[in-house]
Amino acid sequence: DLEEEEEEEEEVKKKGSSKKKAVEKKRKKGSAAAGQQGSSKKRQKAGRQEKRGAELVGEKVGIWWKLDARFYDAVVEAYNRRNRKHKILYEDGVSEWIDLAKEKVEWK
């Protein structure tokens, strides 16, 4: 399963799919602002301090989008331990691989 997901991610990168472009266009947010808060602080506030990596699969989250100034609801769908990224599936059906440690996350 992990290899299939990695292949799918690579295929999306190579094709430059419109879905990926839409996600990137919509996300354009400053990484500096996202990196200012430590991930452990976010986990402590939300009561998820003990969960990391693959343990977060299935969790409901809100991911902050700076340009829209709001959280978007999503579910953690998978985890890639090689690049330490989680696959996030948003309510609108769009998915993307992100490093949750670098994001502002609202735990549901």
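Residues numbered from 1 in each chain as written. Predicted model: local features only at pLDDT ≥ 70, side-chain atom pairs only at ≥ 80, totals over all residues. Heavy atoms only, no water.

### Focus on the packing of aromatic side chains
Okay, step 1: Throughout the structure, instances matching the rule amount to 3 aromatic pairs.
Okay, step 2: Judged by centre distance (5.0 Å) and plane angle (65°), the ring pair of Trp64 and Phe71 falls under edge-to-face.
Okay, step 3: Among the aromatic side chains, those forming a connected cluster through ring pairs are Trp65, Tyr72 and Tyr90.
Okay, step 4: When the ring centre of Tyr72 is taken as reference, the NZ or CZ atom of Arg70 above it lies at 4.1 Å. (Phe/Tyr/Trp six-rings, centres within 6.5 Å; stacked < 30°, edge-to-face > 60°. Lys NZ or Arg CZ within 6 Å of the ring centre and 35° of its normal.)

### Considering the nonpolar core
Where a protein is soluble and globular, its nonpolar side chains tend to be buried together.
Okay, step 1: Core analysis: the biggest nonpolar cluster contains 13 residues, and Val61, Ile63, Ile88, Tyr90 and Leu100 have the highest contact counts within it.
Okay, step 2: Counting only elements with at least two residues in this core, the list comes to strand 1 (60-65), strand 2 (70-80), strand 3 (85-90) and strand 5 (105-107).
Okay, step 3: Not counting residues within four places of it along the chain, the set of residues in contact with Val61 comprises Tyr72, Asp73, Ala74, Val76, Val105, Glu106, Trp107 and Lys108. (Core = buried A, V, L, I, M, F, W, Y, C linked by side-chain atoms within 4.5 Å. Buried < 20%, exposed > 50% of the residue type's maximum accessible area, 1.4 Å probe, protein only. Helix = DSSP H or I, 4+ residues; strand = E, 2+ residues; numbered from the N terminus. Contact = heavy atoms within 4.5 Å.)

### Topic: the pairing of strand 2
Okay, step 1: Relative to strand 2, strand 1 is paired through 6 bridges, and the arrangement is antiparallel. Across the sheet, Val61 pairs through a bridge with Ala74, a residue of strand 2.
Okay, step 2: What sits between strand 1 and strand 2 in their antiparallel hairpin is a turn of 4 residues, with Ala69 showing a positive phi close to 55°.
Okay, step 3: Both strand 2 and strand 3 contribute to a ladder of 6 bridges, which runs antiparallel. Bridging across to strand 3, Ala74 finds its partner in Tyr90.
Okay, step 4: Following strand 2, the chain reverses through 4 residues before pairing antiparallel with strand 3; Arg84 in that reversal takes a positive phi of roughly 55°. (Pairing = 2+ DSSP bridges.)

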